[in-house]
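# Descriptive analysis of the structure
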Amino acid sequence: MLIHNLYFKNFRNYSEQEITFTNGINILVGSNGQGKTNVLEGIYYLLMGKSYRVNQESELIYWGQKNFYLRANFEAYERKYCLESYYEKGKKAIKINQLACQKLSEYVGMINVVFFTPDDLNIIKSGPLERRRFIDLLLIQVKPAHISLLNTYIRILKQKSILLKRSLNKAAANDQLLVWNEQLLETGSRVIRNRYEMTEKLQNQCGKMFSKVFGCHENMDLQYVSLGRKSLDEALAYFPEALEKQRDAEIERRAVLVGPHRDDIIVNINGRSARYYASQGQQRSLVLCLKLAEMEIINKEKEEYPILLLDDVLSELDEGRREYLMEYISNSNKQTMITTTDLGQIEKQKDPAVYIVKQGTIRRES
Ligand SMILES: Nc1ncnc2c1ncn2[C@@H]1O[C@H](COP(=O)(O)OP(=O)(O)OP(=O)(O)O)[C@@H](O)[C@H]1O
Ligand SMILES: [Mg+2]
């Protein structure tokens, strides 16, 4: 999968800019605060319909302006796609090859992207929400139906939560809860199944890559845990029982206590929780493994590599890991965008396209 060019108008610190990419390695170099990450954010926004960094689209508009516009030409399976995104006053319009798109699921997953940012350390360091988000974003890319499944689950969750918050007596709440629990069980079970299956794929891929990134003496282990159960069958079997058992507690606490919105993925390194015991460098390498595993899973399922966006990744890795990563991206057909403040870290690479980013302008150097 490829991006050929990107045009910005009033996006972040770019008033107007066009950039043409090469099919191999593209390096965006510049001092801090010049607009390197903003380029990657633009690509990600077009493909995923959301920013990685902010929830409010208005923050993406060039300060003092009223709207932004992004356009890029992509290629996948020898077909060409022109994606456009326009945002103004709370409304966004998306077009694929000049045709308006209504739903995210109509285009997300068409061209895949893997984004590595320094903030991704939170996948290991932060709470379960970050890990559920990570697995859902991967699922959405390979299985776009996961978007509507999640939306349905969230809608049921909201309705059940409203009921719990306003129910005055236990008997009345009980009857209505049965209805919502039935739906929660049906949709929630499908969410749980998707996530268990994807975690298993990640585990298989990470296992292979981990020894190369870390050396063969260490191992990593990923385990999806739903309702405190480590296997899919156990979790699904226990789900109706858990809903039943927690009914009184849910009414009392006025909160939805059972379901995949409370699940987690346990990440262990050498048998111990990476969240609590891994060093900062180990945590970074774990995230790198997860991202490269994402590349491999998408390639396996879609038969083409996704576009790889690496934001400031090199400065955080030691030399051995940096070399492994550069070798990985140089092999086979992977189009990669790398941002860096120091070109010296990538000098050895063959024929990368280098772009100088300075105060919201981009100039190709080689
Ligand atoms: N909506 C906006 N309008 C105008 N400028 C913005 C907007 N949002 C962010 N900026 C500015 O964009 C600049 C570039 O941001 P970006 O994150 O791309 O920098 P960077 O080159 O990746 O820097 P670093 O090396 O520090 O990561 C920042 O100085 C920021 O103040
Ligand atoms: Mg940056």
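Presented here is a report on the structure given in the accompanying data block.

Cut-offs used in this document
Residues numbered from 1 in each chain as written. Chains lettered and ligands numbered in written order. Predicted model: local features only at pLDDT ≥ 70, side-chain atom pairs only at ≥ 80, totals over all residues. Heavy atoms only, no water. Pairing = 2+ DSSP bridges. Helix = DSSP H or I, 4+ residues; strand = E, 2+ residues; numbered from the N terminus. Buried < 20%, exposed > 50% of the residue type's maximum accessible area, 1.4 Å probe, protein only. Contact = heavy atoms within 4.5 Å. Near = heavy atom within 4 Å. Polar contact = N/O pair within 3.5 Å; in protein donor to acceptor, adjacent residues only side chain to side chain. Nonpolar A, V, L, I, M, F, W, Y, C, P; charged D, E, K, R; others polar.

## Some words on the pairing of strand S6 (residues 91–96)
With 6 bridges connecting them, strand S5 (residues 79–88) and S6 associate as antiparallel partners. Note that in S6 the partner of Glu-88 across the bridge is Lys-91. Between S5 and S6, which pair antiparallel one after the other, the connecting turn spans 2 residues, and Lys-89 there sits at a positive phi close to 45 degrees. The pairing of S6 with strand S7 (residues 99–101) spans 3 bridges and is classified as antiparallel. Looking at the pairing, Lys-95 lines up with Ala-100 of S7. Between S6 and S7, which pair antiparallel and follow one another directly, the connecting turn spans 2 residues, one of which, Asn-97, has a positive phi of 45 degrees.

## What to know about the side chain of Asp-264
Mapped onto the secondary structure, Asp-264 falls in strand S10 (residues 264–269). On the basis of relative accessibility, which here comes to 16%, the residue Asp-264 falls in the buried class. Once residues lying within four places of it in the same chain are set aside, the contact partners of Asp-264 are Pro-128, Arg-131, Gln-223, Tyr-224 and Val-225.

## Quick word on the site of ligand 1
Inspection of the region around ligand 1 gives 16 residues, with Gly-33, Lys-36, Thr-37, Asn-38 and Ile-61 positioned closest. Between a nitrogen atom of ligand 1 and a main-chain N or O atom of Arg-12, the distance comes to 3.1 Å. Contacts to ligand 1 include Thr-37, whose side-chain N or O atom sits 2.7 Å from an oxygen atom. Taken together, the residues of the shell around ligand 1 sort by class into 3 nonpolar, 9 polar and 4 charged.

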